[in-house]
Amino acid sequence: MRKMLCLLAALMLMSMLAACGTDKPDPTEPSTGDPTEPPTEPPTEPVVELDDAWFDDMLIIGDSRIHGMRNYYRFSEKAYYFTSIGMNIYNVFGTWAGDQGHYECSLDETLRTIPFGKVMIGIGLNECNYEHTYIRAGFEKLIGMIHGYQPDTKIILTSVMMVTEECSRRDESFSIENLTAINEIIKSFADNETIFYVDVNEWAVDETGYLVEEWSFDGIHFYGTHYIEWGMWLRQKLGTLGIS
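### Notes on the nonpolar core
Here's step 1: In this structure, Leu59, Ile61, Leu107, Ile121, Phe139 and Leu157 are the most contacted members of the largest nonpolar core, which totals 39 residues.
Here's step 2: Those elements that place two or more of their residues in this core are strand 1 (58–62), strand 2 (80–83), helix 4 (107–113), strand 5 (118–122), helix 5 (132–149), strand 6 (154–158), helix 7 (176–187) and strand 7 (195–198).
Here's step 3: Considering each element in turn, this core owes the most residues, 6 residues, to helix 5.
Here's step 4: Residues within four places of Leu59 in sequence aside, it is in contact with Tyr80, Phe82, Leu107, Leu111, Phe116, Lys118, Val119 and Met120.
Here's step 5: In this structure, Met58, Met69, Phe75 and Leu238 belong to the second largest nonpolar core, which totals 30 residues.

Following this line, the structure appears as structure tokens:
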């Protein structure tokens, strides 16, 4: 009898030990990967180094900020700047300007007489106190004029650059909210085939969203060194657009 009880006890112990074995992962369940692995980095924009020749057939239209860049940084010896202090989306059609030894004339005549493969536009700040519907209509007219004369030209629209926080406090039309709304209007024209958009605020603003205070002497325009930095940043950024 005692032997029988011992045998039964041994069998029960063996059964319990088998049930307590280590669980094995189900090979049919998908692996979740190593949780300690770093997250995959998002793909970066391919950058093409642009030489001066890429800019030789470019027309650059702009207000006093672009005019300042013109004085400190030129993309190439042949790039054509059509700039004027105080230029906006309305008076650009009546502005006379000249570059590269060419006599001053209207934008209309410039487009009729000089072929361009690319046109970059940097305006929008001087009209920020106007109704947004008028701003949209002005850009529609300007883009229509450019493609009317030169339909194969690639147009590059640059955002309105923010101002410093102090400058924004002095004039509510310079608020981040208003300038952002104008930039959304400008960006809406881009189709990434014939019209492109570049947000210069990726480079120009600090963590508060305003133009870096130390870079500007009046809250809007740069010291000379930063015009050069802006031009060099733009050169690299334009290389990500895929324009030949």
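Additional details are given in the paragraphs that follow.
### Details of the side chain of Ser216
Here's step 1: With respect to the helices and strands, Ser216 occurs in the loop between helix 8 (201–204) and helix 9 (224–238).
Here's step 2: A distance of 2.8 Å separates a polar atom in the side chain of Ser216 from the backbone nitrogen of Gly219.
Here's step 3: There is a polar contact of 3.1 Å between the side chain of Ser216 and the backbone nitrogen of Ile220.
Here's step 4: If we ignore the near neighbours within four places in the chain, the residues touching Ser216 are Thr164, Leu211, His221, Phe222 and Tyr223.

### Topic: the side chain of Asn88
Here's step 1: For Asn88, the location among the structural elements is in the loop between strand 2 and strand 3 (96–97).
Here's step 2: A relative accessible area of 9% places Asn88 in the buried class.
Here's step 3: In this structure the side chain of Asn88 is engaged in a polar contact, spanning 2.7 Å, whose partner is the backbone nitrogen of Asn91.
Here's step 4: With sequence-adjacent residues up to four places away left out, Asn88 is seen in contact with Ile123, Asn126 and Glu127.

### Regarding helix 5
Here's step 1: Between its terminal C-alpha atoms helix 5 stretches 26 Å, which fits the 26 Å expected from 18 residues at 1.5 Å a residue.
Here's step 2: Here helix 5 has its buried residues at Ile135, Gly138, Phe139, Leu142, Ile143, Met145, Ile146 and His147.
Here's step 3: Its buried side turned inward, helix 5 meets strand 1, helix 4, strand 5, strand 6, helix 7 and strand 7.

### Topic: the packing of helix 3 (residues 64–72) against helix 9
Here's step 1: For the pair helix 3 and helix 9, interaxial distance at closest approach is 9 Å and the crossing angle is 95 degrees. Between helix 3 and helix 9, the angle falls in the class roughly perpendicular. Together, Ser64, Arg65, Ile66, Gly68, Met69 and Tyr72 of helix 3 and Gly224, Tyr227, Ile228, Trp230, Gly231 and Leu234 of helix 9 make up the contact between the two elements.
Here's step 2: Tallied by class, the residues present in the contact of helix 3 with helix 9 amount to 7 nonpolar, 4 polar and 1 charged.

### Quick notes on unusual backbone geometry
Here's step 1: For Gln100, which is not glycine, the phi torsion reads 55 degrees and is therefore positive.
Here's step 2: As for its placement among the helices and strands, Gln100 is situated in the loop between strand 3 and strand 4 (105–106).
Here's step 3: Residue classification places Gln100 among the partly exposed positions, given a relative accessible area of 37%.
Here's step 4: Positioned with a positive phi, Asn192 is a non-glycine residue whose angle comes to about 60 degrees.
Here's step 5: Its place among the elements puts Asn192 in the loop between helix 7 and strand 7.

### Some words on the environment of Gly122
Here's step 1: Considering the arrangement of structural elements, one finds Gly122 in strand 5.
Here's step 2: When near neighbours in sequence (up to four residues on either side) are disregarded, Gly122 contacts Ile61, Gly62, Asp63, Ile66 and Thr158.

Criteria and thresholds
Residues numbered from 1 in each chain as written. Predicted model: local features only at pLDDT ≥ 70, side-chain atom pairs only at ≥ 80, totals over all residues. Heavy atoms only, no water. Core = buried A, V, L, I, M, F, W, Y, C linked by side-chain atoms within 4.5 Å. Buried < 20%, exposed > 50% of the residue type's maximum accessible area, 1.4 Å probe, protein only. Helix = DSSP H or I, 4+ residues; strand = E, 2+ residues; numbered from the N terminus. Contact = heavy atoms within 4.5 Å. Polar contact = N/O pair within 3.5 Å; in protein donor to acceptor, adjacent residues only side chain to side chain. Expected span 1.5 Å × (residues − 1). Axes fitted to C-alpha atoms, helices over the stretch in contact; angles between N-to-C directions. Parallel < 35°, antiparallel > 145°, perpendicular 65-115°, else oblique. Nonpolar A, V, L, I, M, F, W, Y, C, P; charged D, E, K, R; others polar.

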